[in-house]
Amino acid sequence: MEVGDAGNGVGQCVGDAAVVAQNLEALHAGQSFGDVNPIGVRTPEERIAAFENGPTRDWYNPVNVKAHRKGGHFGALENPEAWIADLRDTFRELR
């Protein structure tokens, strides 16, 4: 059995840790983690439309739907200014 094969999962954990380490190194070097859009979506506006018209839309009660050109899965780390602004916009009504 090779590292990463099915089995006890140890190989997968080692592989996942390596990916996390690479992502953190890229972040510290100022790099992005790749494309932030799903397949077929090219702009932030299309990303919002894909969510608003998508099959999972009714699963959520969105208060503030925004998409940005920078920042992906780790948006709070890759684009902290936008993330903080979005967080403030979301909870502004509760102040």
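We now turn to the structure provided with this report. Source: prediction; values computed, not measured. (Residues numbered from 1 in each chain as written. Predicted model: local features only at pLDDT ≥ 70, side-chain atom pairs only at ≥ 80, totals over all residues. Heavy atoms only, no water.)

### Observations regarding the overall build of the chain
Logical step 1: In terms of helices and strands, the chain carries 4 helices and 0 strands.
Logical step 2: N-terminal to C-terminal, the α/β element order of the chain is α-α-α-α.
Logical step 3: The burial tally for the chain puts 16% of its 95 residues in the buried class.
Logical step 4: Within the chain, contacts between residues separated by at least 24 positions form 31% of all contacts whose residues are at least 6 apart in sequence.
Logical step 5: Surface summary for the chain: the accessible area is close to 7700 Å², and the carbon and sulfur share equals 56%. (Helix = DSSP H or I, 4+ residues; strand = E, 2+ residues; numbered from the N terminus. Buried < 20%, exposed > 50% of the residue type's maximum accessible area, 1.4 Å probe, protein only. Contact = heavy atoms within 4.5 Å. Areas by Shrake-Rupley, 256 points an atom, 1.4 Å probe, with all protein chains shown as cover.)

### A closer look at the pattern of salt bridges
Logical step 1: Under the defined criterion, the tally for this structure stands at 5 salt bridges.
Logical step 2: Among the salt bridges present, the one from R92 reaches D89, with a minimum N-O distance of 2.5 Å.
Logical step 3: By relative accessible area, D89 is classed as partly exposed at 29%. (Salt bridge = Lys/Arg side-chain N within 4 Å of Asp/Glu carboxyl O.)

### A closer look at the side chain of D86
Logical step 1: Along the chain, D86 falls in helix 4 (residues 80–91).
Logical step 2: For D86, a relative accessible area of 17% gives the class buried.
Logical step 3: In this structure the side chain of D86 is engaged in a polar contact, spanning 2.6 Å, whose partner is the side chain of H68.
Logical step 4: If we skip the residues at most four places from it in the chain, D86 touches N64, K66 and H68. (Polar contact = N/O pair within 3.5 Å; in protein donor to acceptor, adjacent residues only side chain to side chain.)

### Digging into the side chain of N79
Logical step 1: Position of N79 relative to the elements: it lies in the loop between helix 3 (75–78) and helix 4.
Logical step 2: Looking at N79, the relative accessible area reads 13%, which means it is buried.
Logical step 3: With near-sequence residues (within four places) excluded, N79 lies in contact with H68, K70 and G71.

### A few points about the packing of aromatic side chains
Logical step 1: In the structure shown here, the tally under the stated rule is 1 aromatic pair.
Logical step 2: Arranged with centres 6.0 Å apart and planes meeting at 50°, the rings of F51 and Y60 form a pair that is tilted.
Logical step 3: Classification of Y60 by relative accessible area gives partly exposed; the value is 47%. (Phe/Tyr/Trp six-rings, centres within 6.5 Å; stacked < 30°, edge-to-face > 60°.)

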